[in-house]
Amino acid sequence: MKKRVLLYAFMVLTFASMGVSCNDDEETTESSVATYTSSSTAITGFNLIDNSAILANLDSVFFTIDLEGARIYNADSLPKGTDISRMLVQMTYPTCYSVEVAISNAQRMNDTTFAYSSSDTIDFTGTVRITVTALDQVTNRTYDVKVNVHQLESDSLQWGEIAYSTLPSMYGNVTVQRTVKYNDHAYCLMADNGYYVLATADSPAEAWTKQVVEFPFTPDVRSLTASSDALYILSGDTGELYSSTDGVNWTSCGTSWSQIIGAYDDRILGLTADNGTYSHDEYPRRGSFVPSTIEDGFPVDGRSNFVVYDNAWGTSNIGICIGGLTASSEYVGRAWGYDGNGWSVLSNNDIGGREGMSLVQYTTYAVNESNWTTTAYPTLIAWGGRTADGEEPNTLFFSRDMGVNWAVADSLMQLPEYIQPMYRADAVVFNTTMSDNGVVSRAGGGVNILSWRSMPSPERPVWFNTATPAAVAVKSSGGDGISPVTEWDIPYIYVFGGYDTYGGTYDTVWRGVLNRLTYKPVY
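Quick caveat: nothing in here was measured; it's all calculated off a predicted structure.

Student: Whenever I open this one, the pairing of strand β15 (residues 231-235) confuses me. Can you help?
Tutor: Every other side chain in a regular strand lies on the same face of the sheet, so the side chains alternate between the two faces. Across the five residues that make up β15, a large majority, five, are buried. Strand direction decides the pairing type here: strand β14 (residues 219-226) and β15, joined by four bridges, are antiparallel. By the bridge assignment, D220 is partnered in β15 with L234. Hairpin connection from β14 to β15: four residues lie between these consecutive antiparallel strands. Sheet analysis places β15 next to strand β16 (residues 240-244), joined by four bridges and oriented antiparallel.

In structure tokens, the structure reads:
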């Protein structure tokens, strides 16, 4: 130790004499004492030393070094059960007087402080702080260091914050309902106690405005569909197509269909039927469009809701639906895709025939076990429905390649058992803006906000506020690597209504989110 102190003293004197020489050469009157800044105490590199006895590819784990906040951490957590009590660390930093490691409240090591060495293990189960002291023995910086480990298996697929409420009705006697997302607002049309009630809200989590709508025809409530610039619905008696910009005032489109499939940008897609022969149609029709007979095996009823997503493999967006019934009443389990001009079977595999599935585009994550990084994937999620024998399996399927290949999701991604099986339920995704102080309301409150009843959910990981990829859109400050994150969006899946085994309408609205998407972003 005496030799080390003498060496440091010698280096201090050497740097001081260099300063004198420089000042003499430049003929300045400035002090000859060396100046030390925060860069003199900056840790510029940090990684774990490989140890296959603990975890393969341990040295590939990426650590974020936040010099401003004096924090070092791995944003992508290590697998559950990883032993972090005996880690060897390699660091990079400037020539300095000392680097000390302080450990407290750890499981294996007693509270202690010692000089850093890459050959000494560190117990990261407790609080670890590393202090770098510059050569002046005065300037120093202490870093909080954390090695994050998942507290749940497959945490990125675990449901959390499950809650339910009731449909936003006026009379509490809903026999049929349909909920769509239109102009980034929620529209819920209900046949309620003999009236047609329209409830609208900025999002399902906020205040609803409700009114009785006097239709000049008998609406097929379940056919309500939203394009980018209008709402559409069919007459339940004649199949006549109507449009509206507010859901209250409706105008005939001058055409009749048997089905509305969904919306593709500013037009909607549908089917016409003539003596049992079905044809594709659209409204408004493009100049080059000609109705065409549907393809063999195309579902004429019971398809999932229609979802449009960006096509990473081409220039046109892709619309997709899954499942349904063919003209011969066969239950099918493939996904069909529409590229703006025509339809084709999209999926390579059949998930099993069922009708009335719910479909959303969401985000899931995969962990690369070669470097333990987590990658976000746009994901299609489909669940529910009813099979030919009347069963209502709640199995959840997912596809990470735009509907080409489907698989049964991890058991932890499956819906909780207390969510009853259902078919023909409406699923929409809305962001809820969060802040450090809680939910940020866009509507400013109101008496018609749904009363949510929380359901049991998995325990959040202990690193709830410290580790997550930058997968959530930041609403205000933050996200630039400098400013702290103050607001962020959480995408919730809302599931409205649906039918039970006996054809009755559920008077419920379920709200759920995957755990990882609830964590406050760290940049």
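Student: Before we go on, may I ask you to explain the sheet that holds strand β29 (residues 407-408) in this structure?
Tutor: Remark on secondary structure: sheet strands pair via backbone hydrogen bonds, oriented parallel or antiparallel. Within the open sheet, the four strands sit side by side as β26-β27-β28-β29. Their pairing is antiparallel. Two strands lie at the open edges of the sheet, namely β26 (358-368) and β29, each paired on one side alone.

Student: What exactly am I supposed to notice about the environment of V149 here?
Tutor: Within the secondary structure, V149 is located in the loop between β8 (140-146) and β9 (159-165). With relative accessibility at 10%, the residue V149 sits in the buried group. In this structure, the C-alpha to C-alpha distance between V149 and D76, residues 73 residues apart in sequence, is 8.5 Å.

Student: Looking at this structure, I do not really get the nonpolar core. What am I missing?
Tutor: General note: in soluble globular proteins, nonpolar side chains tend to be found buried as a group. One finds W159, Y362, W383, L396, I493 and Y494 to be the most contacted residues of the largest nonpolar core, which totals 45 residues. The greatest single-element share of this core, amounting to seven residues, is contributed by strand β33 (residues 487-496). Setting aside its immediate chain neighbours within four residues, Y494 contacts P204, A205, D426, A427, V428, F430, T432, W452, V509, W510 and R511.

Student: Sorry, what's going on with the packing of aromatic side chains here?
Tutor: Each aromatic ring pair is described using two quantities: the centre-to-centre distance and the angle formed by the ring planes. For the structure shown, the criterion picks out 21 aromatic pairs. Their ring planes at 75° and their centres at 6.0 Å tell us that Y232 and Y283 sit as a pair that is edge-to-face. Of this pair, Y232 sits in strand β15 while Y283 sits in strand β20 (residues 277-283); the two residues are 51 residues apart in sequence, bridging distant segments of the chain. Using a relative accessible area of 25% as the deciding quantity, one classes Y283 as partly exposed. Plain terms: the ring middles of F298 and W343 are 5.0 Å apart, the flat faces sit at 75° to each other, and that makes the pair edge-to-face. Here the residue F298 occupies a position in the loop between β21 (292-293) and β22 (307-309), and W343 occupies one in strand β25 (residues 343-345), the gap between them amounting to 45 residues. Comparing F298 with W343, the two get one shared label, buried. Among the aromatic residues, those joined into a cluster by ring pairs are Y264, F298, F306, W336, Y338 and W343. Against the face of Y143 rests R141, its NZ or CZ located 5.9 Å from the ring centre. R511 extends its terminal NZ or CZ atom over the ring of Y492, reaching a point 5.2 Å from the ring centre.

Student: Looking at this structure, how should I read the sheet that holds β20?
Tutor: Here four strands make up an open sheet; going across it, the order is β18-β19-β20-β21 and the pairing antiparallel. Two strands close off the open sheet at either side, each with one partner strand: β18 (259-264) and β21. Relative to β20, strand β19 (residues 267-274) runs antiparallel, the two being bridged by seven bridges. Paired with D274 across the strands is T277, a residue of β20.

Student: Would you explain the environment of L224 in this entry?
Tutor: Counting through the fold element by element, L224 comes out in strand β14. Classification of L224 as buried rests on a relative accessible area of 2%. Residues L224 and Y187, spaced 37 residues apart in sequence, show a C-alpha to C-alpha distance of 9.6 Å. For L224, the contacting residues outside a window of four places in its chain are R178, V180, L189, L231, Y232, I233 and W250.

About the cut-offs
- Residues numbered from 1 in each chain as written.
- Predicted model: local features only at pLDDT ≥ 70, side-chain atom pairs only at ≥ 80, totals over all residues.
- Heavy atoms only, no water.
- Buried < 20%, exposed > 50% of the residue type's maximum accessible area, 1.4 Å probe, protein only.
- Helix = DSSP H or I, 4+ residues; strand = E, 2+ residues; numbered from the N terminus.
- Pairing = 2+ DSSP bridges.
- Core = buried A, V, L, I, M, F, W, Y, C linked by side-chain atoms within 4.5 Å.
- Contact = heavy atoms within 4.5 Å.
- Phe/Tyr/Trp six-rings, centres within 6.5 Å; stacked < 30°, edge-to-face > 60°.
- Lys NZ or Arg CZ within 6 Å of the ring centre and 35° of its normal.

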